[in-house]
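So the chains spell out like this:
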Amino acid sequence: MVVVGAGIAGLYALKRLRDGGFDVQVFEAASDVGGTWWWNRYPGARCDIESMDYSYSFSPELEQEWTWTERYATQPEILRYLNHVADRFDLRRQVQFDTRVTSATWDDGAGRWTVATDQGDTVSAQFCVMAVGCLSAAKDPEIDGIDTFAGPTYHTGRWPHEGVDFSGQRVGVIGTGSSGIQSIPLIAQQAGHLTVFQRTPNFAMPARNGPLDEARIQQRKATYRTHRAAVLESHTGVVVELHDQSALAVSDDEREATYEAAWESGTLFALLASYNDLLIDPAANETAAEFVRRRIRELVHDPEVAELLSPRTYPFGAKRACLDTDYYATFNRPNVSLVDVRATPIVEITPTGLRTTAADFDLDALVFATGFDAMTGPLLGPTITGRRGAALRDAWAAGPRSYLGIAVSGFPNLFTITGPGSPSVLTNMIVSIEQHIDWVAACITSLRERDLHTIEATPDAEAFWVDHVNEVASFTLYPTADSWYMGANVPGKPRVFMPYIGGVAYYREVCADVAADDYRGFALA
Ligand code: N01
């Protein structure tokens, strides 16, 4: 088997499949393990799922051994954890680093994949597991003159390992998604002046991060197994209290108190889980959106800046919300200014800075917090060619098509871990990663036991699943936002809502049921 990627998914795939007696070779483009946590080293990078949830559940021993220090772990701490996992389970020896897979080609006659890399390797594999991540193809902004800037440019998703010293500099940050919202407060503390170029404001809620106290750690360690079981029954892979009630069915005072409690909790999904119609009914959603906007007005002193930072063009939660530490208060600093590049668009990057339709900005350094070609980008990076020479790129020209988000018709024995059509990015990623890999391991073990050699999604099953994913998304407000979930941040990318909103518990049931029904919707041969 070839596994592509040695991030959270690739490492677990290697461990699980090797334990299952399979011969596994992993290729990883980076120089070490960690995936997203190897690349995204920008100031302030940390996870917005609590550390004791954003960790593997497959090993109770690992769970007891490792002790997280903060409620929300920093990038260096998560990377240390993944290095510990790699060492503890002796995973590194089967990973070839600094090696990018360039192509995977299915050989109909042999019933195997030929996988080629940029280091000149060519290997033959019965199965190919794409553990390439959902947010790993960094996207530079498409702005004229980008190569003419005389100073350094940095993308948050490809941050220099030695760090960057912005002391005294005039810095520009383009982008106010999660990466921008995390890095802007820290860059502002260092820079002489920071100019934030904002196209669309985001909804951010305070993380209320802090050190984990010993009692909390011991309590979770004592109950980890039951906690993990509860996680599997949740919608998002995080246990949050769901209120099964409309936001419009309660009094204004009661609603305010509920939102206030969610805001104070510092939990990403808490506000969205406050009522059952926030992602369905625009009027219900507006109550939550206005609650956040009120908080922004309290936090930001200048009313004009507060209004600019207030999202008004899409429903709360329809773009991924963020957890922040001092984001809004950063705009009260005298060395920070906010430029609305929706009202006055960026015209070009110049050798000395950036020009909008309204002004020229002189800058020493530019930071692109401009996100990723999400979900499909990492899978379409290598040239994947399936049966009869068909390219995945062509099969997905109008948007990704997949059965369960894990397999594509015409591409036998190829598994897309947390691929488009699965809950993935709408959930705690580690929970969804472990579920996919456990499913794949059980699947190929079953094939081996029965002397079966190939598994392939049928066109009908794939068509049914694509329709289902779209249908459930269409009941919600998600498709109304220009989000990366919709591919809207990449010019020319088809507008399709890519993840599956069915949630962890329901989706697990579907996958288990498909397997129990002898892999219904798959052709086995
Ligand atoms: O990327 P994004 P991200 N001119 O796509 C703007 C996960 N994550 O790296 O909204 C001007 O969200 C763009 O503007 P607009 C998490 O799932 C998690 O921040 O397209 N602006 C937007 O403001 C997250 O959602 C964590 O109008 C341009 C920004 O750049 C996902 O990764 C931390 C532009 C991109 O925001 C992606 O987050 C970090 C242009 N030409 C990331 N092009 C945590 O766990 C783009 N923009 C905390």
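See the structure printed just above.
In this text, all values refer to a predicted model and were calculated from it rather than measured experimentally.

(A) Expanded view of the overall build of the protein. Helix and strand content of the protein: 15 helices and 21 strands. For the protein, whose C-alpha radius of gyration is 23 Å, the value lies close to the compact-globule estimate of 24 Å for 525 residues. Its C-alpha atoms give the protein principal-axis dimensions of roughly 70 × 55 × 45 Å. The buried share of the protein, taken over its 525 residues, is 57%. In the protein, of all internal contacts separated by at least 6 residues, the share reaching a separation of at least 24 is 72%. Of the roughly 20800 Å² that the protein leaves accessible, carbon and sulfur atoms contribute 51%. A gap of 2 Å separates the mean positions of the 43 positive and 67 negative side-chain charges of the protein.

(B) Local environment of unusual backbone geometry. Positive phi, normally seen in glycine, also occurs at Asp90, with a value near 55°. Secondary-structure assignment places Asp90 in the loop between α4 (75-88) and β3 (95-96). Overall, Asp90 belongs to the partly exposed group, its relative accessible area being 38%. Of note in the backbone geometry, Thr418 takes a positive phi value of approximately 50° without being a glycine.

(C) The site of the ligand, seen in detail. If you check the shell around the ligand, you find 23 residues, and the closest are Ser179, Arg199, Thr200, Lys319 and Arg320. Between Lys319 and the ligand, the recorded distance is 2.9 Å, taken from a side-chain N or O atom to an oxygen atom. Here Trp484 contributes a side-chain N or O atom positioned 3.0 Å from an oxygen atom of the ligand. Starting from 910 Å² of accessible surface for the ligand in isolation, the protein chains cover 89%. With 3 residues, the top contributor of residues to the shell around the ligand is helix α5 (residues 178-190). Broken down by class, the residue content of the shell around the ligand amounts to 8 nonpolar, 9 polar and 6 charged.

Reading the values: the criteria
Along each chain, the written sequence defines residue order, and numbers are assigned to residues from 1. Residues qualify for local features only when their pLDDT is at least 70, as the model is predicted, and side-chain atom pairs are given and counted only at 80 or more; totals for whole chains, interfaces and linings, by contrast, use all residues. With hydrogens and water stripped out, all remaining heavy atoms of the structure feed into the side-chain values. By definition, any uninterrupted DSSP run of H or I lasting at least four residues is a helix, any uninterrupted run of E lasting at least two residues is a strand, and each is numbered from the N terminus. We take the radius of gyration over the C-alpha atoms and set the globule estimate at 2.2 Å times the residue count to the 0.38 power. A 1.4 Å probe rolled over the protein chains alone gives each residue an accessible area, and that area as a share of the maximum for its type sets the label: buried under 20%, exposed over 50%, partly exposed in between. Contact between two residues is taken to exist if any of their heavy atoms lie within 4.5 Å; hydrogens are not considered. Accessibility throughout is a Shrake-Rupley quantity obtained with a 1.4 Å probe, and a residue counts as covered only by protein chains that appear here. Only four residue types enter the charge count, namely Lys and Arg as positive and Asp and Glu as negative; His and the chain termini do not. Charge positions come from single atoms, namely NZ of Lys, CZ of Arg, CG of Asp or CD of Glu. For this description, a residue counts as near a given molecule or strand if any of its non-hydrogen atoms is within 4 Å of it. As used in this structure description, the phrase polar contact means that two N or O atoms lie within 3.5 Å; if the pair is within protein, one of them must be able to donate a hydrogen and the other to accept it, and residues adjacent in sequence are counted only when both atoms belong to side chains. For this classification, the nonpolar set comprises Ala, Val, Leu, Ile, Met, Phe, Trp, Tyr, Cys and Pro, the charged set comprises Asp, Glu, Lys and Arg, and every other residue, Gly included, is treated as polar.

That's the geometry; what it means functionally is another story.
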